[in-house]
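# Tertiary structure, described
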Amino acid sequence: MHGEETYLVEQVVAALRRRQGLVGHWHVVWGDDDEVRVRETLATCGAPSLFGSPGAVILRRVEAMRAGVEAAVERALGDQEVARRLILVGGVIDRRKRWYTYARSVATEIVCPPVSDPQELRRWGERIAIQRGVRIGGDGLAEVIERCGGELALVDCEIEKLAASGLPQPIDADAVGRLVSGGQVHAIEVLTDRLARGDRAG
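Let us now look at helix H1 (residues 6-19). For H1, built from 14 residues, the straight-helix expectation of 20 Å at 1.5 Å per residue is met to within 8% by its first-to-last C-alpha distance of 20 Å. Considered for burial, the residues of H1 that qualify are Tyr7, Leu8, Val9, Val13 and Leu16.

Counting buried positions along strand S2 (residues 56-60) gives five out of five residues, so the element sits mostly inside the fold. Judged from the five bridges that link them, strand S1 (residues 26-30) and S2 form a sheet pairing that is parallel. From the neighbouring strand, valine 29 faces S2, where its bridge partner is leucine 59. When S2 meets strand S3 (residues 86-88), the two strands line up parallel, connected through three bridges. The residue of S3 that forms the bridge with leucine 59 is leucine 88.

For the pair helix H2 (residues 35-43) and helix H3 (residues 67-77), interaxial distance at closest approach is 9 Å and the crossing angle is 10°. It follows that H2 is roughly parallel to H3 by the angle criterion. Between H2 and H3, the residues in contact are Glu35, Val38, Arg39 and Leu42 and Gly68, Val69, Ala72, Val73, Arg75 and Ala76, respectively. Split into classes, the residues belonging to the contact of H2 with H3 amount to six nonpolar, one polar and three charged.

Tallied over the entire structure, the rule returns two aromatic pairs. Ring geometry for tyrosine 7 against tryptophan 124: centres 5.9 Å apart, planes inclined by 85°, an arrangement best described as edge-to-face. With tyrosine 7 in helix H1 and tryptophan 124 in helix H6 (residues 118-132), this residue pair connects regions lying 117 residues apart in the sequence. Both rings, one in tryptophan 99 and one in tyrosine 100, keep their centres 6.2 Å apart while their planes meet at 85°; by these two values the pair is edge-to-face. For the residue pair tryptophan 99 and tyrosine 100, the accessibility class agrees, reading buried in each case.

Moving on to the pattern of salt bridges. The tally for this structure, following the rule as stated, stands at 13 salt bridges. Between arginine 61 and aspartate 32 there is a salt bridge, and its shortest N-O distance comes to 2.9 Å. One end of the pair, arginine 61, is in the loop between S2 and H3; the other, aspartate 32, is in the loop between S1 and H2, with 29 residues separating them in the sequence. In this structure, aspartate 33 engages arginine 37 in a salt bridge whose closest nitrogen and oxygen atoms are separated by 2.4 Å. Overall, the relative accessible area of 39% leaves arginine 37 in the partly exposed class. Here the residues in one salt-bridge network are Arg132, Asp156 and Glu160, joined through shared partners.

Calculation notes
- Residues numbered from 1 in each chain as written.
- Predicted model: local features only at pLDDT ≥ 70, side-chain atom pairs only at ≥ 80, totals over all residues.
- Heavy atoms only, no water.
- Helix = DSSP H or I, 4+ residues; strand = E, 2+ residues; numbered from the N terminus.
- Expected span 1.5 Å × (residues − 1).
- Buried < 20%, exposed > 50% of the residue type's maximum accessible area, 1.4 Å probe, protein only.
- Pairing = 2+ DSSP bridges.
- Axes fitted to C-alpha atoms, helices over the stretch in contact; angles between N-to-C directions.
- Parallel < 35°, antiparallel > 145°, perpendicular 65-115°, else oblique.
- Contact = heavy atoms within 4.5 Å.
- Nonpolar A, V, L, I, M, F, W, Y, C, P; charged D, E, K, R; others polar.
- Phe/Tyr/Trp six-rings, centres within 6.5 Å; stacked < 30°, edge-to-face > 60°.
- Salt bridge = Lys/Arg side-chain N within 4 Å of Asp/Glu carboxyl O.

Right under this line is the structure:
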């Protein structure tokens, strides 16, 4: 799965992990990791783990894979047992790559483009607010979306901030204006925030 809308990509990853919850152990590697480490981790897909069943692998940032890692992924996808336990995750990828062409022939592709429709953005904002356990007024939610530029990962981050603020609910646009910062957030800042919360599951 891949796409510019990282929030949706992460939602799909989480859903797949829940769906395949019976799989023994999850390993997470990155596209720019050492080739040997990636190759050894991919080998766990087909080997029984301490939990009694083969493990599964999430390979993140596939757009950053070097040639050796790409070759290892191609070999892994050639084994049906391994391929069904491998999840490839990325942002904007080069669809001219050979590994991508091969992956499309043996795997399900999920693309998560940016959400641009105002009504859809609002529905996602409402859903995120429910998940975060916070009530935001209609004008307040519109203000969050406007300040976040429609980027759902940032909308989620800012709604989480509002949920923790202790402000009277429903939260209105004035409160949002005081607490929600404008502009885009670089991916490393989001990652640092998640690590600080102990979210290391991949």
